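Survey of secondary and tertiary structure
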Amino acid sequence: MSTHIGAEPGAIAPHVLMPGDPLRAKWIAETFLDAATGYNEVRGMLGFTGTWRGHRISVQGSGMGQPSFAIYANELFDQYDVQSVVRVGSCGALVEKVGVRDVILASGACTDSGMNRVRFHGLDYAPVADFGLLRAAYDAAQARDDVTAWTGLIFSGDQFYTPRPDLMEPMVEHGVLGVEMEASALYTLAAKYGRRALAICTVSDHMVTGEETTALERQETFSAMVEIALEAVTSQA
Ligand SMILES: O=P(O)(O)O[C@H]1O[C@H](CO)[C@@H](O)[C@H]1O
Ligand SMILES: O=c1cc[nH]c(=O)[nH]1
């Protein structure tokens, strides 16, 4: 057991999908995994292990924001020897061409978080996805005709209710497609531990058009993203 995850050694698979929402973790386990069993209920941050097409896979909720995400990612990498993590999140679209329910494969993550400023003594580190996972996810997305997938930068913001939405303008001018709250920490920690990571996000809200999905949709209807994540993570096994 680690401080925040009540799993016995070996109970967590080498490949882990991480949604922010623990109820999305439960939905993924019940919908996609065979013989899924729960290994964590500490703080309600549910975690499950089962199999997908014969591969052992875990799903672990992360909570919202980089500080929460980093607690779980640190413990998964350091104490459960997890080899790859694919975040399966929701995000806001920052540009008109990206639509609600489209999927973004995050090649890299910009951030306003102070976490990496502390880690890198004020220098700017560039948190990027694992190329093998990104390529596998891209191939899996291209093979589908039920989802539009974009590959590019996202912004991991500390504040969902930011007082400075105008600060997204230069980000958009420099190619950022969407905003979420965790990928920068994921990519940084995976690099630190020498593991693989990718963030895939389904667009739940549109910053330009104002369109949005319901909480139930965010919890239960992002199947394409989950299947792309499962294909990507198992291709690296
Ligand atoms: O749907 P999840 O994975 O939680 O991701 C997004 O949704 C939350 C905000 O509503 C943040 O965690 C953000 O990154
Ligand atoms: O607008 C959004 C939607 C999901 N997640 C975010 O961080 N922002």
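Nothing here was measured: the structure is a model prediction, and the numbers come from that model.

Calculation rules
- Residues numbered from 1 in each chain as written.
- Chains lettered and ligands numbered in written order.
- Predicted model: local features only at pLDDT ≥ 70, side-chain atom pairs only at ≥ 80, totals over all residues.
- Helix = DSSP H or I, 4+ residues; strand = E, 2+ residues; numbered from the N terminus.
- Rg over C-alpha atoms; globule rule 2.2 N^0.38 Å.
- Buried ≥ 20, exposed ≤ 12 C-beta atoms within 10 Å, placed from the backbone.
- Contact = placed C-beta atoms within 7 Å.
- Near = placed C-beta within 6 Å.
- Nonpolar A, V, L, I, M, F, W, Y, C, P; charged D, E, K, R; others polar.
- Axes fitted to C-alpha atoms, helices over the stretch in contact; angles between N-to-C directions.
- Parallel < 35°, antiparallel > 145°, perpendicular 65-115°, else oblique.
- Left-handed = near helix turned anticlockwise from the far one by under 90°.
- Core = buried A, V, L, I, M, F, W, Y, C linked by C-beta atoms within 7 Å.
- pLDDT = per-residue confidence, 0-100.
- Pairing = 2+ DSSP bridges.

A count of helices and strands for the protein gives eight helices and nine strands. For 237 residues, the compact-globule estimate of 2.2 N^0.38 gives 18 Å, and the C-alpha radius of gyration of the protein, at 16 Å, lies within 12% of that figure. Based on the C-alpha atoms only, the size of the protein along its principal axes is roughly 45 × 45 × 30 Å. Buried residues in the protein amount to 49% of all 237 residues. Sequence separation of 24 or more characterises 76% of the internal contacts of the protein that already satisfy a separation of 6 or more.

To continue, consider the site of ligand 1. Near ligand 1, the surroundings consist of eleven residues, among which G20, G89, S90, E180 and M181 are the closest. Here the residues of the shell around ligand 1 sort into four nonpolar, three polar and four charged.

Let us now look at the site of ligand 2. All residues adjacent to ligand 2 are S90, C91, G92, F160, V179, E180, M181, S204 and D205. Elements with a contribution of two residues or more to the shell around ligand 2: β5 (84-93), β8 (176-180) and β9 (196-206). Considering every element that reaches the shell around ligand 2, the biggest residue donor is β5, with three residues. Of the residues belonging to the shell around ligand 2, the class tally is four nonpolar, three polar and two charged.

The description of two packed helices rests on the angle between their axes and on the distance between the axes. For the pair helix α4 (residues 131-142) and helix α8 (residues 223-235), interaxial distance at closest approach is 8 Å and the crossing angle is 135°. On the basis of the axis angle, α4 is oblique to α8. You can see that α4 and α8 cross each other, and the crossing is right-handed. The residues of α8 that touch α4, namely those facing L133, A136, A137, A140 and A141, are I228, A229, E231, A232, V233 and S235. A breakdown of the residues in the contact of α4 with α8 according to their chemical character gives nine nonpolar, one polar and one charged.

What follows concerns the nonpolar core. Buried together is how nonpolar side chains tend to be arranged in soluble globular proteins. If you look at the biggest cluster of nonpolar residues, it comprises 75 residues, and the most contacted ones within it are I104, A137, I154, L186, I200 and A229. No other element matches α8, which puts eight residues into this core. In this structure A229 touches L17, V86, V88, A137 and I200, once residues within four positions along its chain are discounted.

Following the sequence through the fold, S204 ends up in strand β9. Each C-alpha atom, one on S204 and one on S90, is 5.6 Å from the other, the two residues being 114 residues apart in sequence.

On average, residues of the protein score 96 in pLDDT, and 98% of them are at 70 or above. For this predicted complex, the interface confidence score (ipTM) comes to 0.96, while the overall pTM stands at 0.96.

Before going further, it helps to examine the pairing of strand β3 (residues 47-52). Taking burial as the measure, the six residues of β3 include five buried ones, the bulk of the element. In this sheet, β3 lies alongside strand β2 (residues 34-40) in antiparallel orientation, the contact comprising four bridges. Across the sheet, residue N40 finds its bridge partner in β3, namely G47. In this structure, the hairpin formed by β2 and β3 is closed by a connection of six residues, where R43 is found at a positive phi of approximately 60°. The hairpin turn running from β3 into strand β4 (residues 55-60), its antiparallel successor, is two residues long, and R53 in that turn takes a positive phi close to 50°.

Another point: helix α6 (residues 183-193). The element α6 is largely enclosed, with a buried count of eight among its eleven residues. Those residues of α6 that sit buried are A183, S184, A185, L186, Y187, T188, L189 and A190. G194 occupies a position one or two residues after α6 and carries a positive phi of about 70°.

For the rest of this paragraph, the subject is the environment of F77. Looking at the secondary structure, you find F77 in helix α2 (residues 66-79). In this structure, the C-alpha to C-alpha distance between F77 and Y193, residues 116 residues apart in sequence, is 6.7 Å. The residues touching F77, leaving out its near neighbours within four places in the chain, are V82, L189, Y193 and R195.

What follows deals with the packing of α2 against α6. Viewed as axis vectors pointing N to C, α2 and α6 meet at an angle of 25°, and their least axial separation amounts to 9 Å. In terms of axis orientation, α2 runs roughly parallel to α6. Two packed elements cross with a definite hand, and for α2 against α6 that hand is right-handed. Residue-level inspection shows Q66, F69, A70, A73, N74, F77 and D78 of α2 in contact with α6, the latter providing S184, A185, L186, L189 and Y193. Along the lines of polarity and charge, the residues of the contact of α2 with α6 split into eight nonpolar, three polar and one charged.

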